Amino acid sequence: MQDSVEFKISGHQMITRVAIPDSNHPGYGSFMILALFGANSDNISRRLIMYFLRNGSPIAAPTIQRDQNGEIVDGSVFMSTEFLPFVLDMLRNEKVLKAFLSAVDPSMNGIST
């Protein structure tokens, strides 16, 4: 069982102006959700979901999820919309983006070049 995994981002999907009505959901108050998809040499599909929240919304802790074999397959991060332009700039201008998911320290979940 892995403690962390890095994968190359091969695609993404954006959902904007989301209104999650359940205040108990960690993405409550989302303005935009960005899902990043990819795999690494083990060919396991992975996903990092980035929730961009309206200013003043509570920020939930990052999460990870494992599949039935214990492999890390999903992670999430929650952040203010002030970081959105930087992430979109990376998606537009950087040609090799990687996502990092950590079970030991989910605060390390994120993207890099």
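A brief look at the structure comes next. Note that the structure is a prediction, hence the values are computed from the model and not measured.

It is worth spelling out the overall build of the chain at this point. Looking only at helices and strands, the chain has one helix and seven strands in total. Expressed as a percentage of its 113 residues, the buried residues of the chain come to 38%. Considering only contacts within the chain whose residues lie at least 6 apart along the sequence, 60% involve residues at least 24 apart. Working note: accessible area of the chain is about 6,600 Å², and carbon and sulfur atoms make up 51% of it.

Its identity is not glycine, yet Asn43 carries a phi of approximately 60°, on the positive side. Mapped onto the secondary structure, Asn43 falls in the loop between strand S2 (30–39) and strand S3 (46–53).

Quick look at the packing of aromatic side chains now. Applying the stated criterion across every chain, the model contains one aromatic pair. The interplanar angle of 15° and the centroid separation of 4.7 Å between the aromatic rings of Tyr51 and Phe78 together place this pair among those described as stacked. Separated by 27 residues along the polypeptide, Tyr51 in strand S3 and Phe78 in strand S5 (residues 72–80) bring together distant segments of the chain. Relative accessible area serves as the criterion here: at 13%, Tyr51 is assigned to the buried category. Taking the relative accessible area as the measure of exposure, Phe78 reaches 9% and is therefore buried.

The next thing to look at is the environment of Lys98. Mapped onto the elements, Lys98 comes out in strand S6 (residues 98–102). The spacing of Lys98 and Asn40 is 58 residues in sequence and 9.7 Å in space, taken between C-alpha atoms. Setting aside anything within four residues of it in sequence, one finds Lys98 in contact with Glu6, Phe7, Lys8, Ile9, Gly110, Ile111 and Ser112.

Counting 20 residues, the largest nonpolar core has Ile9, Leu34, Leu36, Leu48, Met50, Phe52 and Ile111 as its most contacted members. Looking at this core, the elements that each hand over two or more residues are strand S1 (4–16), S2, S3, S5, helix H1 (84–93) and S6. In this structure Ile9 touches Leu36, Phe37, Leu97, Lys98, Ala99 and Ile111, once residues within four positions along its chain are discounted.

As judged from the five bridges shared by S1 and S6, these two strands associate in the antiparallel manner. From the neighbouring strand, Phe7 faces S6, where its bridge partner is Ala99.

Tallying each qualifying case throughout the model produces four salt bridges. For Glu6, the salt bridge identified is with Lys98, shortest N-O distance 3.8 Å. Taken together, the positions of Glu6 in strand S1 and Lys98 in strand S6 put the pair 92 residues apart, joining distant regions of the chain. On the basis of relative accessibility, which here comes to 38%, the residue Glu6 falls in the partly exposed class. The partly exposed category is assigned to Lys98, whose relative accessible area is 32%. The partner of Arg46 in a salt bridge is Asp42, with the nearest N and O atoms 3.2 Å apart. By relative accessible area, Arg46 is classed as buried at 2%. Linked through salt bridges whose partners overlap, the residues forming this network are Asp42, Arg46 and Glu71.

Conventions used here
- Residues numbered from 1 in each chain as written.
- Predicted model: local features only at pLDDT ≥ 70, side-chain atom pairs only at ≥ 80, totals over all residues.
- Heavy atoms only, no water.
- Helix = DSSP H or I, 4+ residues; strand = E, 2+ residues; numbered from the N terminus.
- Buried < 20%, exposed > 50% of the residue type's maximum accessible area, 1.4 Å probe, protein only.
- Contact = heavy atoms within 4.5 Å.
- Areas by Shrake-Rupley, 256 points an atom, 1.4 Å probe, with all protein chains shown as cover.
- Phe/Tyr/Trp six-rings, centres within 6.5 Å; stacked < 30°, edge-to-face > 60°.
- Core = buried A, V, L, I, M, F, W, Y, C linked by side-chain atoms within 4.5 Å.
- Pairing = 2+ DSSP bridges.
- Salt bridge = Lys/Arg side-chain N within 4 Å of Asp/Glu carboxyl O.

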